[in-house]
Amino acid sequence: MGKRKIYVVGNWKMHKTSRDAVDYIEKLLPHVKETENLICLAVPFTSIALASEKAEGTRIAIGAQNMHDATEGAFTGEIAGPMLKEAGASFVLLGHSERRHIFQETNEWIHRKVHRALQEGILPVLCIGETLEERLEGQTEEVLKKQLVTALEGVSESQAEHLIVAYEPVWAIGTGKAATPLIAEEVHLFCRSVLSELFGKKIGGGVSILYGGSVSPQNVAGFIKEKNIDGVLVGGASLNLATFVQLIELCKK
Ligand code: 13P
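For clarity, every value in this text was computed on a predicted model and none was experimentally measured. (Residues numbered from 1 in each chain as written. Predicted model: local features only at pLDDT ≥ 70, side-chain atom pairs only at ≥ 80, totals over all residues. Heavy atoms only, no water.)

## Thoughts on the packing of aromatic side chains
A ring pair, where both rings are aromatic, is described by two values, the distance of the centres and the angle of the planes. The cut-off we apply is this: Stacked, tilted and edge-to-face are the three classes assigned to paired rings of Phe, Tyr and Trp, where Trp is represented by its six-membered ring and a pair needs centres within 6.5 Å; plane angles under 30 degrees give stacked, over 60 edge-to-face, the rest tilted. The helix and strand labels rest on DSSP assignments: H or I over at least four residues marks a helix, E over at least two residues marks a strand, and numbering proceeds from the N terminus. Buried means the residue's accessible area, taken with a 1.4 Å probe over protein chains only, is under 20% of the maximum for its type, while exposed means over 50%, and partly exposed covers the values in between.
Applying the stated criterion across every chain yields a total of four aromatic pairs. Plain terms: the ring middles of Trp-12 and Tyr-24 are 4.8 Å apart, the flat faces sit at 70° to each other, and that makes the pair edge-to-face. With Trp-12 in the loop between β1 (7-11) and α1 (18-32) and Tyr-24 in helix α1, this residue pair connects regions lying twelve residues apart in the sequence. Residues Trp-12 and Tyr-24 agree in their burial class; the two are buried.

What follows is the structure, given as structure tokens:
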């Protein structure tokens, strides 16, 4: 096995114009020339085209934060896979907790989105996570298993090779209260066992699983050193270029 690659993914959520994005990427490029790791930015739809142009042929991959499951249609305000692909998105976040909780996305809908992304050749980053209540009631594993199994039903082994999972406990997102590396590692190990059940040990066990939720330069090293944590999905701390560069540096190890 080669050296494990670490994903450092920024999720800008609803922040930054396309002009901001170009400026950010221009300044980020000199810092990622040497990196072995995979640097990804999930930017707003309006920034994808320009950001992709700027990042072409570099270490930075540009992706989207959501996608509809239809290829076109009467879905006012939505965006389809072929549109994202044309704009240059190579990956898409699906089932982010803000989509699940604010926009009522269900496991079944996310399942359709995962399939569409795979069909379009856009790498899905399937986001899963339990709420605080679910954790306190001891339902974490049950909730995560349902999210994984429903979203990934019907995904073939070869498709599972083009898939990333991101564990983002809802209680850790934007709260400054990250999970401890130990809690995250425990959950990642569980997710890996579910993925192995679904796709076999070799492929399921090989799916990259990222941690997200209040990741910062202060705590990132603790996550990265865990065996089953293959990278981080960063919200707030990715908005500031200097902080994101610091995170990239700390993930080099
Ligand atoms: P924060 O890093 O701001 O907690 O956000 C995490 C997140 O939702 C990334 O997708």
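## Points about the environment of Leu-247
To keep it simple, the criterion reads: Any two residues whose heavy atoms approach within 4.5 Å at even a single point are treated as in contact.
For Leu-247, the location among the structural elements is in helix α11 (residues 241-250). For Leu-247, a relative accessible area of 0% translates into the label buried. Sequence-distant contacts of Leu-247, defined by excluding residues within four places in its chain, comprise Val-215, Ser-216, Pro-217, Val-220, Val-234 and Ala-237.

## Considerations on the pairing of strand β4 (residues 91-94)
Condition: When DSSP finds two or more bridges between two strands, those strands count as paired. Look down the strands so they point away from you; if going from the first strand over the helix to the second traces a clockwise path, that crossover is right-handed.
A two-sided burial pattern is seen for β4, the buried positions comprising Phe-91 and Leu-93 on one face and Val-92 and Leu-94 on the other. With two bridges connecting them, strand β3 (residues 60-64) and β4 associate as parallel partners. From the neighbouring strand, Ala-64 faces β4, where its bridge partner is Val-92. A crossover connection joins β3 to the parallel β4 through helix α3 (residues 81-87); in handedness this β-α-β unit is right-handed. Relative to strand β5 (residues 123-128), β4 is paired through four bridges, and the arrangement is parallel. Residue pairing across strands places Val-92 opposite Pro-124, the latter belonging to β5.

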